[in-house]
Amino acid sequence: MRASPSHADGVRDVVIAAGDGAVLLDVAGPLQVFALAAKCGGGYRVRLASPDGRPVHTREGVPLGVDTALDAVTGPVHILLVAGCDPTPDSPALASLAQAVRRLRERCTVLASVCIGAFVLAEAGLLDGRRATTHWASCRELADRYPQVTVKSDGMYVRDGDVYTAAGVTAGIDLALALVERDRGGTLARQVAQWLVVFLQRPAGQSQLSVRGQVRSSRRGALRAVLDAVAAQPHADHSLEAMAGRAALSPRHLSRLFIEVLGTTPGQYVQRIRVEAAQQLLEAGDDPVEVVARQCGFRNVETMRKAFHRIVGMAPTAYRHQSQKGVTHA
């Protein structure tokens, strides 16, 4: 039986757990969201906890004082958010934080992690049989070390029942805003986002990495030329045959290169580039969606809409509405 979601006085406890080796922004970002929500009348009590109640030494070298030890937390906890610790297999911090989180789990309504905090949940056995994510650079390690966890390497955060895992760094802010919106509604979440000068929240399924960044990482000359051409002119003809012709490669060879170097097919890559180009136009301008679709190389609005739903998790019009609302200044 999970804990009741709130105390008798209506205040919801949020405990942010961290150990030595935590990433500073993984702690500070969500903490700031919930603290601001509390000041705006959201009814949260926010505490930072470590396994033994001692200060946490972050990766950045900044020590963080904590409010309590995890074992000293009493009563129901609405949200237990684990910011993580040193995730190496022989890390004493990982073992002690995982044990403390496992003991506290039954009294939590929502369990969440940010970035390497997913390693803590996995070490505690709390992600077994669940879908989860972590920072893109650690996804493979998480999957290798904990094969019982289905690791999703893309997206800002993943929800599986009452367990949430976020990609890390600024994605912790996205997750915290989503949890505030879930608890207290969009008005409060929007108010907090405005104070932080961030979007209300990026969609959970939005990619952790811009696909354009992969262009710079490719050192294969022929492939690099193709990627540069797609990024420079998303609206041009980028069929497999056309790209293979530019690279002076067979379509089969080019497809193999895409899979080997980028982990995606040529068609999926082109679609991601076109979606990113459309996102920029939707964020910055007011051209009709039909015009944006044409400028970015989509056959029609419906094709762009399907691509947005698959990659971004929402329709182009909803993306424009959210992104332009999110730039309101505090």
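See above for the structure.
Here's what I pulled together on the structure shown here. From a predicted model like this one, the values you see are computed outputs, not experimental measurements.

**Quick look at the packing of helix H8 (residues 221-232) against helix H10 (residues 251-262)**
The interhelical angle for the contact between H8 and H10, taken along N-to-C directions, is 85 degrees, at an axis separation of 11 Å. What the angle tells us is that H8 and H10 run roughly perpendicular. For the pair H8 and H10, contact is made by Leu223, Val226 and Leu227 and by Leu254, Leu257, Phe258, Val261 and Leu262, respectively. Per-class residue counts for the contact of H8 with H10 are 8 nonpolar, no polar and no charged.

**Description of the environment of Asp20**
Its place among the elements puts Asp20 in the loop between strand E1 (12-18) and helix H1 (24-39). Distance in space between the C-alpha atoms of Asp20 and Pro63 is 9.0 Å, their sequence separation being 43 residues. Beyond its immediate chain neighbours, meaning those up to four positions away, Asp20 contacts Pro55, Val56, His57, Cys85, Asp86 and Ala93. Within the local environment of Asp20, its side chain forms a polar contact with the backbone nitrogen of His57, the two atoms lying 2.9 Å apart.

**Thoughts on the packing of aromatic side chains**
Under the counting rule described, the total for this entry stands at 4 aromatic pairs. Their ring planes at 65 degrees and their centres at 5.4 Å tell us that Phe34 and Tyr44 sit as a pair that is edge-to-face. Here Phe34, found in helix H1, pairs with Tyr44, found in strand E2 (residues 44-50); they are 10 residues apart in sequence, far enough to count as distant. The burial state of Phe34 is the same as that of Tyr44; both residues are buried. Above the ring of Tyr44, the side-chain terminus of Arg184 is found at 5.9 Å from the ring centroid.

**Concerning the sheet that holds strand E10 (residues 157-160)**
With respect to topology, 7 strands assemble into an open sheet ordered E5-E2-E1-E6-E7-E11-E10, the strand pairing being mixed. With partners counted over all chains shown, the strands left at the sheet margins are strand E5 (68-69) and E10, one partner each. Strand direction decides the pairing type here: strand E6 (residues 77-84) and strand E7 (residues 108-114), joined by 5 bridges, are parallel. In the strand pairing of E7, Val82 is matched with Ser113. Taken strand by strand, helix H5 (residues 171-184) contacts E1, E2, E6, E7, E10 and strand E11 (163-166), and its axis lies near 150 degrees from that of E11.

**Quick look at the pattern of salt bridges**
By the definition in use, this model includes 13 salt bridges. Among the salt bridges present, the one from Arg54 reaches Asp52, with a minimum N-O distance of 3.8 Å. Asp183 is paired through a salt bridge with Arg182; the nearest N and O atoms lie 3.4 Å apart. When salt bridges with common partners are traced through the structure, they connect Arg105, Arg130, Arg131, Asp160 and Asp162 into a single cluster.

**Description of the packing of H1 against H5**
With their axes 7 Å apart at the nearest point, H1 and H5 run at an angle of 30 degrees to one another. Our classification of the angle between H1 and H5 gives roughly parallel. When the axes of H1 and H5 are compared, the crossing they make is right-handed. Residues Gly29, Pro30, Val33, Phe34 and Ala37 of H1 form the contact with H5, whose participating residues are Gly172, Ile173, Ala176, Leu177, Leu179 and Val180. The class makeup of the residues in the contact of H1 with H5 is 9 nonpolar, 2 polar and no charged.

The rules we used
- Counting from 1, residues in each chain are numbered in the order their sequence is written.
- Reporting in this predicted model follows two pLDDT cut-offs: at least 70 for local features of residues, and 80 or more for side-chain atom pairs to be given and counted; totals over whole chains, interfaces and linings ignore these cut-offs and use all residues.
- Side-chain measures here rest on the full set of heavy atoms in the structure, leaving out hydrogens and waters.
- For helices, the fitted line uses only the C-alpha atoms of the stretch in contact; every axis is such a line through C-alpha atoms, and the angle between N-to-C directions lies from 0 to 180 degrees.
- Secondary structure follows DSSP: runs of H or I at least 4 residues long count as helices, runs of E at least 2 residues long count as strands, and numbering of each begins at the N terminus.
- Should an angle lie under 35 degrees it is considered roughly parallel, over 145 roughly antiparallel, and from 65 to 115 roughly perpendicular; all remaining angles are considered oblique.
- Residues count as neighbours in contact if any of their non-hydrogen atoms are within 4.5 Å of one another.
- Three classes are used, and their members are as follows: Ala, Val, Leu, Ile, Met, Phe, Trp, Tyr, Cys and Pro are nonpolar, Asp, Glu, Lys and Arg are charged, and the others, Gly among them, are polar.
- Residues adjacent in sequence count toward polar contacts only when both atoms are side-chain atoms; beyond that, a polar contact is any pair of N or O atoms within 3.5 Å, and within protein one must be able to donate a hydrogen and the other to accept it.
- Between rings of Phe, Tyr and Trp, where Trp is taken as its six-membered ring, a pair exists when centres lie within 6.5 Å; planes separated by under 30 degrees are stacked, by over 60 edge-to-face, and by other angles tilted.
- Residue burial is assigned from relative accessible area. The probe radius is 1.4 Å, only protein chains are included, and a residue is buried under 20% of its type maximum, exposed over 50%, and partly exposed in between.
- Both a distance and an angle decide whether a charge sits over a ring: NZ of Lys or CZ of Arg must be within 6 Å of the ring centre and within 35 degrees of the ring normal.
- We call two strands paired when DSSP finds no fewer than two bridges between them.
- Just to be clear on terms, a salt bridge is a Lys or Arg side-chain nitrogen sitting within 4 Å of an Asp or Glu carboxyl oxygen.
- Should the near helix be turned anticlockwise from the far one by less than a right angle, the crossing is left-handed, and should it be turned clockwise, the crossing is right-handed.

Keep in mind these values describe shape, not function.
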